[in-house]
Amino acid sequence: MSQEPRMYLLFLFLFLSHGVASHRVPDSGQDLHPLLQKMAEEIIDGSYLNALLDLIQFQSSHGWTADLSHRVLAYLNSRNVAFTIPSLQAAVENHLEQRLYQPQKLLEDLRETDAQQFHTAMKCLLEDKKDLLELEDLVIDLGEIRKQALQSPGVNRSLFLVTLERCFQVLNALECVEILGRVLRGSSGSLLQPDITEKLPWDLREDAFKNLSAVFKDLYDQTSAHSQRALYSWMTGILQTSSNATDNSVSWVSAENLWILGRYMVHLSFEEIVKISPVEIGLFISYDNATKQLDTVYDITPELAQAFLEKISSSSFDMRNTSTIHRLGLLVCFYDDLDLLDAAVAQVLLHQMIKCSHLRGFQAGVQKLKANLLDIAMENQTLNETLGSLSDAVVGLSHSQLESLSPEAVHGAISTLNQVSGWAKGQIIILSAKYLAHEKMIEAGDPASGIVEIRGAFFKEVSLFNLRREPGFNTTVLKEKELRRSQALFLYELLSKSTRRPEELLSTGQLVKGVTCSHIDAMSADSFLAHFHYFENNLSLLSPYQVNCLAWKYWEVSRSSMPSFLLAALPARYLASVPASQCVPFLISLGKSQLDSLVLDSHKKNSVLRKVQQCLNNSIADEYAVDIMGKLLCHLPAAVLHRGVSARAWATALHGLRACPDLSPEQKAAVRLRLLEQHGLPQNWTAETMKDLGPFLVLFSGDELSSVATKFPDILQQTAARIAGTFPPQEFLWAVFESVRNMSEKNPRSAPSPGCHGVMAPSSGDIFKLAEANACWAPEDLLCMEEHTFTRHVELLGAVRGFSPPQLMTLKEKAVQVWDLPSYWKEYHIASLGRIALTLNESELEQLDLSSIDTVASLSQQTEWTPGQAKSILQGFLEDSGYTIQDLKSFHLVGLGVALCAMNVTEISLIRISEFRVVVARIGTLLCSTHVLAEFKRKAEVVFGDPTDWSGSVLQELGTIAAGLTKEELQMLDKDLMPYFQPSAIKCLPDEIFKELSAEQIASLGPENAAAVTPAQRRQLSTLQLQSLQWALDGANTRSWLDTPPSASPTRTPSSSSPPGVPVTWGPWLGCPLLVLLPKTVW
């Protein structure tokens, strides 16, 4: 299946047979150079890596002549070696495949090379200039070899280990450090395990030590906490040894040593920081790159930051000097010298604190410091005067403060305000109104300069209707634009009529989204193979159906060279074509892809995973197996995770499992058991263990986490912040909640509100730290919240998904308490409610001022409205705004969102076609009832014509509106259009209509749409229809004449020759990276 080993084979084949037809082979190799004799002996012994290294060494010092290949053949004959070209081919291929796919063997080979051969191998990795090795009419592309080697799973591990073991004996230290840097930067960070420091040299020259330390600093974020601590110990051990400090009273931490440590300076102990000489800390702060270094200490703690600040203060630097403040980097986030601070300095500090969002945790303290500085910055000045100089602290201004601003002040500070992130919706509404009041809606010339000029993500909002009317499209104008799939389908078809070069279309931004099966089928074998890399490099943009089409095309034209991951897109039985000898390339290829998006059917996925387990023999023997697995690690069954991963492989596997987005309950249980076996209960973990295993804390019970909440509250809260956006277990949230409450109890609180004695009301800091764990507050706690705290954080609270109805009702009650009855609420109040608004009953919704479509749009972002509530929102907008249905513009329709689903048939018919056609795609995202979708479908017919004339791009554009098709219309659709329904439309099709699809139409749905079929729809299908559905799920080829079962053994069928203009390349891996040979002739 892989063609890579053939690179070497072809090289030796051409090398040994070069000129045989035109030259007499000498009787012996007595005049053969000793190095070439040695090479020939290694060929006889099967040591092909050594042979190649000798060849490279010979060529570098002697050059190559045409007769040398014949002399080598003569020598082999004189040794009575029964080598024929075919037998040599088989031997070479087998050997090189082992080295490519079993990098442990490569490690052994490199360990056994002699000093000169190893020196040559290291030089191959190191050199950039001489990338082409020319041998008469052959060229060995060493640059491509090096590139592929450093990107091959497991190969970089072998190169890393052997470089540490041998390089420093044969090359100078600087060269070895450069090689280590290249290998490490091509890895995932898992190569740097804590025990690696045992292999690091302790006697490096100063320049080599600095360079290697720089490599470790660059990889800091990819390195585990335990490994960081181990590398820190190695670095400081060398630094302490080389320092002039004679006793413990003198610090070894000089200015230069701080610079060498870089981000590792956060591992210095409090005591070591205190001992640093004021002179040395002053020198360090004076360095030009000190600010850059301090800007990256993202994981510094408040205690260490304070120690550094005090030490800097004790030097000759004035901590209130603007120049000094600019040099503090992230230390500024912990600045605490606020006594008698003047407003100008406070403004400088606020400007520098923009970078504090990069800190790992401690954001509540940052927000508190910003609030204090904000108060100081505005002393003796009005907010109108200081607005433009408050940096991103302006997001801390209350609604009432923002309302007090003059339109002129907002207009004057707009460039600063535009650069600030973190605005709440309510704040944006107030500021926008102020700005527009100043502008007075002045017209600024021609508002539109053509659709083709719309840039970036905004282009996705252009309707298909308007695209079809625009004549000015070409590949150049589309390069930087984001496309919906419906847009891409239309544009690819349009441009393919005028562009005969596939690469021009396939290399144009996101246009590859629009490639159809018919486009792929129409490509010749040569053209498809030559352009396949465009598809491969943009897999994330392709739909499962497009990948399925690619897989069938590849199977048809060149199955012998087919990338293994594409086999997963074919019916499950095709996996049988992968023999045991090809398991490793199969695993590597599949491990680089996203299996969940490649295989959507659970039964088929299980078949793929059974093949994976078969290839692994149900176990992970070592770290090399983990390297090869890649993302497949996330899909290993629980039994394999629990008992099948060896102790040797576990640390590397754990590094990969941290990144798995969605482990099953069984997998989580298995990982938890392994963690308990290896590390014990969380109560016994160290700080480094906590940091490394942070993502797995969600696997433990509340009792197991209780000690963590007390012992490492900051790390626990940082972990919670990192997994924001997921749905962590309730017990984990409770542990986070308790850790925050325990810290809050130590801080002084203001007097409780009447009736709230004994109640722990949420503070501003609590709410900010807790995020999703705010769901743990009791309703009475929420009701006792201070008014300013509620106002400041209502939007954050409205975003908590775990709040129960009683909690949301309490928050609504709090809103009434703070803002009065709903009839008094302003637009920014309503916009900030989030999920709290869902508790408003129909009567309360009718009281709201819904005259602004922006207000309605904020409500329509919630998807859990009842039909009655949605109807109240729709009617409230129409009544308060004074609009009729006929008056609604396209932006009104978009803003109404789910409220459109509350329209009746008569109301929908009144929507103007000119407005509807602009926002069809947006309306097609709504999950409305069948009769509503049917009416929208009728309007779509006015825009796009009769359904029998619809194209794939139109079906994509319509989204759920396509579910409004009648039984008769659905039956008349061509089967080739079925993949272009959106999955959401398939789900919305009524069961009684879906069953009217023909077996052929169902078989043509494609994998993604077939996976969207609901259980209720499935129950209505006949046996034949169910069989067709399974074909679609399995990725069967609907063109049955191509869908033939594979042979039992995958014979290597000859693939097409490369097309004219494309050089023939082969690419295996031969130790000093993958060998790429190019014919020297230019086609």
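Residues numbered from 1 in each chain as written. Predicted model: local features only at pLDDT ≥ 70, side-chain atom pairs only at ≥ 80, totals over all residues. Heavy atoms only, no water.

Visitor: Is there a simple way to think about the overall build of the protein in this case?
Guide: When helices and strands are counted, the protein shows 64 helices and three strands. Across the 1083 residues that make up the protein, the buried fraction comes to 53%. Contacts spanning at least 24 positions in sequence make up 71% of the contacts within the protein whose residues lie at least 6 apart. Surface accessibility of the protein: about 46900 Å² in total, with carbon and sulfur atoms responsible for 52%. (Helix = DSSP H or I, 4+ residues; strand = E, 2+ residues; numbered from the N terminus. Buried < 20%, exposed > 50% of the residue type's maximum accessible area, 1.4 Å probe, protein only. Contact = heavy atoms within 4.5 Å. Areas by Shrake-Rupley, 256 points an atom, 1.4 Å probe, with all protein chains shown as cover.)

Visitor: Quick question: what am I supposed to make of the state of the cysteines here?
Guide: A disulfide bridge is the covalent bond that connects two cysteines by way of their sulfur atoms. By the definition in use, this model includes seven disulfides. There is a disulfide in this structure between Cys583 and Cys615, and the S-S distance comes to 2.0 Å. Of note, the bridge from Cys583 to Cys615 carries an S-S torsion of about -70° and is left-handed in sense. Taken together, the residues Cys583 in helix α33 (residues 583–591) and Cys615 in helix α35 (residues 602–616) connect sequence positions 32 residues apart. (Disulfide = S-S within 2.5 Å.)

Visitor: Honestly, helix α3 (residues 48–62) in this entry has me stumped. Any pointers?
Guide: Each α-helix turn comprises 3.6 residues. Residues three or four places apart therefore point the same way. Its 15 residues place the ends of α3 21 Å apart at the C-alpha level, agreeing with the 21 Å of an ideal helix rising 1.5 Å per residue. Within α3, eleven of the 15 residues are buried, which leaves the element mostly enclosed by the surrounding structure. Those residues of α3 lying buried are Tyr48, Leu49, Asn50, Ala51, Leu52, Leu53, Asp54, Leu55, Ile56, Phe58 and Gln59. Backbone geometry just after α3 places Gly63 at a positive phi near 80°. (Expected span 1.5 Å × (residues − 1).)

Visitor: Looking at this structure, how should I read the side chain of Thr855?
Guide: Within the fold, Thr855 resides in helix α50 (residues 853–860). Not counting the four nearest positions on each side in its chain, Thr855 is found in contact with Glu827, Ile830, Asp849 and Leu850.

Visitor: For this particular structure, what's the right way to read unusual backbone geometry?
Guide: Glycine aside, a negative phi is what most residues show, and trans is what most peptide bonds show. One non-glycine residue with positive phi stands out, namely Asn618, at about 60°. Relative to the helices and strands, Asn618 resides in the loop between α35 and α36 (623–629). Positive phi, close to 80°, is recorded for Asp820, a residue that is not glycine. Its place among the elements puts Asp820 in the loop between α47 (805–819) and α48 (827–831).

Visitor: When you look at the packing of helix α41 (residues 702–711) against helix α43 (residues 730–744) in this model, what are you seeing that I'm missing?
Guide: Angle between the axes and distance between the axes: these two values describe a pair of packed helices. Packing of α41 against α43 leaves a shortest axis separation of 9 Å and a crossing angle of 30°. Judged by the angle between their axes, α41 and α43 are roughly parallel. Handedness of the α41/α43 crossing: right-handed. Each of Gly702, Leu705, Ala709 and Thr710 in α41 lies in contact with α43, whose residues at this interface are Glu731, Phe732, Ala735, Ser739 and Asn742. Class assignment of the residues belonging to the contact of α41 with α43 gives a composition of four nonpolar, four polar and one charged. (Axes fitted to C-alpha atoms, helices over the stretch in contact; angles between N-to-C directions. Parallel < 35°, antiparallel > 145°, perpendicular 65-115°, else oblique. Left-handed = near helix turned anticlockwise from the far one by under 90°. Nonpolar A, V, L, I, M, F, W, Y, C, P; charged D, E, K, R; others polar.)

Visitor: Looking at this model, I keep getting lost on the confidence of the model for the protein. Mind explaining?
Guide: Regions with low pLDDT should not have their predicted coordinates read in detail. Counting all residues, the mean pLDDT for the protein is 85, and 88% of those residues have values of 70 or more. The model gives residues 445–449 a pLDDT under 50, and that stretch makes zero contacts with residues more than four places away or in other chains. With pLDDT under 50 throughout, residues 1041–1083 is counted as low confidence; its partners more than four residues away or in other chains account for 135 contacts. (pLDDT = per-residue confidence, 0-100.)

Visitor: Whenever I open this one, the nonpolar core confuses me. Can you help?
Guide: Among the nonpolar cores identified, the biggest contains 198 residues, and Phe535, Leu590, Ile620 and Phe981 are the most heavily contacted of them. Among the elements that line this core, the one with the most residues is helix α32 (residues 544–558), at nine residues. Setting aside residues no more than four positions away along its own chain, Phe981 makes contact with Leu955, Gln956, Ala962, Leu965, Leu970, Leu973, Ile986 and Asn1009. Membership of the second largest hydrophobic core comes to 118 residues, among which are Leu191, Ile273, Ile276 and Ile376. (Core = buried A, V, L, I, M, F, W, Y, C linked by side-chain atoms within 4.5 Å.)

Visitor: Please explain a negative patch on the surface as it appears in this structure.
Guide: Taken together, the side chains of Glu842, Glu846, Asp849, Glu879 and Asp880 present a region of like negative charge at the surface. At the level of secondary structure, the elements contributing two or more residues to the negative patch comprise α49 (842–847) and α51 (867–881). (Patch = residues over 30% accessible without salt bridge, like charges linked within 9 Å, V, L, I, M, F, W, Y side chains within 5 Å. Salt bridge = Lys/Arg side-chain N within 4 Å of Asp/Glu carboxyl O. Lys, Arg positive; Asp, Glu negative; His and termini not counted. Charge placed at Lys NZ, Arg CZ, Asp CG, Glu CD.)

Visitor: For this particular structure, what's the right way to read the pattern of salt bridges?
Guide: As a working rule, side chains carrying opposite charge can pair if their charged atoms are close by. In total, this model carries 34 salt bridges according to the counting rule given. The closest approach of N and O atoms between Glu42 and Lys38, which form a salt bridge, is 3.4 Å. Of the two residues, Glu42 and Lys38 are both situated in helix α2 (residues 34–45); the distance of four residues between them amounts to about one turn of the helix. A salt bridge links Asp627 to Arg157; the nearest nitrogen and oxygen atoms lie 2.7 Å apart. Of this pair, Asp627 sits in helix α36 while Arg157 sits in helix α9 (residues 155–170), and the two are 470 residues apart along the sequence. With respect to class, Asp627 is no different from Arg157; both count as buried. Connected through shared salt-bridge partners, Lys38, Glu42, Asp54 and Asp114 make up one network.

Visitor: Sorry if this is basic, but what is going on with the packing of aromatic side chains here?
Guide: Two numbers describe a pair of aromatic rings. These are the distance of the centres and the angle of the planes. All chains considered together, the criterion is met by 19 aromatic pairs. In textbook terms, an aromatic cluster arises when at least three aromatic residues are bridged by ring pairs, as seen for Phe209, Phe216 and Trp234. Above the face of the Phe727 ring, Arg801 is positioned so that its terminal group lies 4.1 Å from the ring centre. (Phe/Tyr/Trp six-rings, centres within 6.5 Å; stacked < 30°, edge-to-face > 60°. Lys NZ or Arg CZ within 6 Å of the ring centre and 35° of its normal.)

Visitor: Honestly, the environment of Ala343 in this entry has me stumped. Any pointers?
Guide: Mapped onto the elements, Ala343 comes out in helix α19 (residues 343–352). Taking the relative accessible area as the measure of exposure, Ala343 reaches 16% and is therefore buried. Each C-alpha atom, one on Ala343 and one on Asn380, is 8.7 Å from the other, the two residues being 37 residues apart in sequence. Those residues in contact with Ala343 that lie beyond four places of it in its chain are Ile376, Ala377 and Gln381.

Visitor: Can you walk me through α2 in this structure?
Guide: Taking 1.5 Å as the rise per residue, α2 with twelve residues should run 16 Å; its terminal C-alpha atoms sit 16 Å apart, in good agreement. Regarding α2, the residues found buried are Leu35, Leu36, Met39, Ala40, Glu42 and Ile43. Across the axial projection of α2, the buried residues extend over an arc of 160°, all falling on one side. Turned more than 90 degrees off the buried face of α2, the exposed positions are Pro34 and Asp45. Gly46 lies just past α2 and shows a positive phi near 85°. (Arc of directions from axis to C-beta.)

Visitor: I keep staring at the environment of Ser984 and nothing clicks. Help me out?
Guide: Residue placement: Ser984 occurs in helix α59 (residues 983–988). Residue class for Ser984 comes out partly exposed when judged on its relative accessible area of 22%. Taking the C-alpha atoms as reference points, Ser984 and Leu926, 58 residues apart in sequence, are found 9.1 Å from one another.

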